[in-house]
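# Coordinate analysis (summary)
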Amino acid sequence: MSKPLYLVTGAAGFVGRHLVEYLSAEGYRLRAMVRRDSQADSLRDLVEDVVIADLQKPDTLAAAVDGVSGVYHVAALFRQEGLGDEVFRAINAEGVQHMLDASIAAGVKRFVHCSTNGVHSDIENPPADETAPFRPGDIYQQTKLEGEQIAMRYFEEGRIPGVVLRPTMIYGPGDDRTLKLFRMIAKGRFFYVGKGMALTHWVDVRDLAVAFKLAMEAENINAEAFLIGGRSYHPLRENARDIAELLGVREPWLHIPVAPMMTLAHLTEIICKPLGVEPPLFRRRVAFFLKHRAYDISKAKRMLG
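The structure presented is a predicted model; accordingly, all values stated were derived computationally and were not measured. (Residues numbered from 1 in each chain as written. Predicted model: local features only at pLDDT ≥ 70, side-chain atom pairs only at ≥ 80, totals over all residues. Heavy atoms only, no water.)

## Examining the sheet that holds strand β11 (residues 225–228)
Pairing within the open sheet is parallel, and its seven strands lie in the order β3-β2-β1-β4-β5-β6-β11. Strands at the two margins of the open sheet, each flanked by one partner only, are β3 (49–52) and β11. Strand after strand, the sheet turns through a mean of 20° between neighbouring axes, direction not considered. Inspection of the sheet shows strand β4 (residues 70–73) paired to strand β5 (residues 110–114) by four bridges, in the parallel sense. Bridging across to β5, V71 finds its partner in F111. Running at roughly 160° to strand β1 (residues 5–9), helix α1 (residues 14–25) makes contact with β1, β2 (29–34) and β4 of the sheet. Along the sheet, helix α7 (residues 205–217) makes contact with β1, β4, β5, β6 (162–167) and β11, crossing β5 at roughly 150°. (Pairing = 2+ DSSP bridges. Helix = DSSP H or I, 4+ residues; strand = E, 2+ residues; numbered from the N terminus. Axes fitted to C-alpha atoms, helices over the stretch in contact; angles between N-to-C directions. Contact = heavy atoms within 4.5 Å.)

Written out as structure tokens, the structure reads:
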């Protein structure tokens, strides 16, 4: 009897690629789903086949889920300037429903959906667990919440079994976003907005891959959400200090007041967006220095191991 086949959507992305690499090394039979032919070649040695499909085109999804036992749904539109809210909603919310409907039609047995800690956004009384209020702070977080709620409704109604994972701040090999932080510290260009005491909670993308596998294997668990993070959280100043120490450079020292930076960011957005120019400074980037992101991961420890 052959091993079951699993689908990873968004397999060309940062998280999806690491998940494919991990599951492949564990001996899983895999199919990768990507949007473009150009994304397929680097995955072919890791999977049985690659399917080109688009969450905005439901008729393309049947080939992706055909013969599949479980779906790891990682594909999403992350923060990207120049796209309207309707594009985020089409992919991060409606696309989830399209993927679920295709999976049900194909007889898929289990669905693990990747959401984000951002559905909680700023945590008033850290650490937060999965019952914390939803407070999405931008269109990405809002549409990820909508997608999670669609998935949870399907799970609760018994249409297909599955769970939701809410990863904390993801980092690891190949992460260009976090690389910017390292580069700025390395070059002595990193500064704080405010005191730098906002709590940060990271998870290594390779640990997150393990969490996905555990969630798929936990067939007795349905319609639950899990925050997936590292074992501890720290103030941003500690993160920056540790990075500087590892790089052998001076610890960041400059602190800029919050109010003028937030005003400047707002003005930059007002000026640049109508011109179709990506603003050099966003309010959400300023908010990175202010929002607490610290979580209690005991539920995932207890139920997923």
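Next comes the rest of the account.
## Some thoughts on the pattern of salt bridges
Side chains that differ in charge, positive against negative, can pair when their charged atoms come close. Overall, the coordinates contain twelve salt bridges when judged by the stated rule. As a salt-bridge pair, R29 and E48 come within 2.6 Å of each other at their nearest N and O atoms. With R29 in strand β2 and E48 in the loop between β2 and β3, this pair connects stretches of sequence that are 19 residues apart. Look at R29 and you get partly exposed, because its relative accessible area is 24%. Residue E48 is classed as partly exposed on the basis of its relative accessible area, which comes to 48%. E224 serves as the salt-bridge partner of K299, at 2.7 Å between the closest nitrogen and oxygen. Of this pair, K299 sits in helix α11 (residues 298–304) while E224 sits in the loop between α7 and β11, placing them 75 residues apart in sequence. (Salt bridge = Lys/Arg side-chain N within 4 Å of Asp/Glu carboxyl O. Buried < 20%, exposed > 50% of the residue type's maximum accessible area, 1.4 Å probe, protein only.)

## Describing the packing of aromatic side chains
All chains considered together, the criterion is met by eight aromatic pairs. Relative to Y72, the ring of Y6 has its centre 6.1 Å away and its plane inclined at 50°; by these criteria the two rings are tilted. In this pair, Y6 is assigned in strand β1 and Y72 in strand β4, connecting sequence segments 66 residues apart. Take Y72: its relative accessible area is 0%, and that puts it in the buried class. Measuring from ring centre to ring centre gives 5.9 Å for F190 and F289, while their planes differ by 35°; the resulting arrangement is tilted. In this pair, F190 sits in the loop between α6 (176–186) and β8 (192–193) while F289 sits in the loop between α10 (283–287) and α11, placing the two residues 99 residues apart along the sequence. For the residue pair F190 and F289, the accessibility class agrees, reading buried in each case. Linked through ring pairs, Y6, Y28, Y72 and F212 together constitute an aromatic cluster. The ring of F226 has K299 sitting right over it, with the charged end atom 5.1 Å from the ring centre. (Phe/Tyr/Trp six-rings, centres within 6.5 Å; stacked < 30°, edge-to-face > 60°. Lys NZ or Arg CZ within 6 Å of the ring centre and 35° of its normal.)

## Considerations on the side chain of E130
Turning to its location among the elements, E130 is positioned in the loop between β5 and α5 (139–156). K299 is the oppositely charged side chain nearest to the buried, salt-bridge-free E130, at an N-O distance of 5.1 Å. Of the polar contacts made by the side chain of E130, one reaches the backbone nitrogen of L227; its length is 2.8 Å. Excluding residues that lie within four positions of it along the chain, E130 makes contacts with H120, R166, A225, F226, L227, D296 and K299. (Lys, Arg positive; Asp, Glu negative; His and termini not counted. Polar contact = N/O pair within 3.5 Å; in protein donor to acceptor, adjacent residues only side chain to side chain.)

## Notes on unusual backbone geometry
Backbone torsion omega between P126 and P127 reads 0°, so that peptide bond is classified as cis. With a phi angle near 60°, A223 is a residue other than glycine that sits in the positive phi range. Within the element layout of this structure, A223 appears in the loop between α7 and β11.

## Focus on the packing of helix α3 (residues 85–92) against α5
Packing of α3 against α5 brings their axes to within 9 Å, and their N-to-C directions diverge by 30°. With respect to their mutual orientation, α3 and α5 come out roughly parallel. When the axes of α3 and α5 are compared, the crossing they make is right-handed. Counted together, D85, F88, R89 and N92 of α3 and I139, Y140, Q142, T143, K144, E146 and G147 of α5 form the full contact between these two elements. Class assignment for the residues of the contact of α3 with α5 results in three nonpolar, four polar and four charged. (Parallel < 35°, antiparallel > 145°, perpendicular 65-115°, else oblique. Left-handed = near helix turned anticlockwise from the far one by under 90°. Nonpolar A, V, L, I, M, F, W, Y, C, P; charged D, E, K, R; others polar.)

## Topic: the nonpolar core
Judged by nonpolar contacts, the single largest core of 36 residues is most densely connected at Y72, L165, F212 and I228. Ranked by the residues each element gives to this core, the list is headed by α7, at seven residues. The contacts of F212, once residues within four sequence positions are left out, are V15, L19, Y72, V74, V112, C114 and L165. By size, the runner-up hydrophobic cluster in this structure holds 32 residues, among which are A53, L55, M99 and Y154. (Core = buried A, V, L, I, M, F, W, Y, C linked by side-chain atoms within 4.5 Å.)

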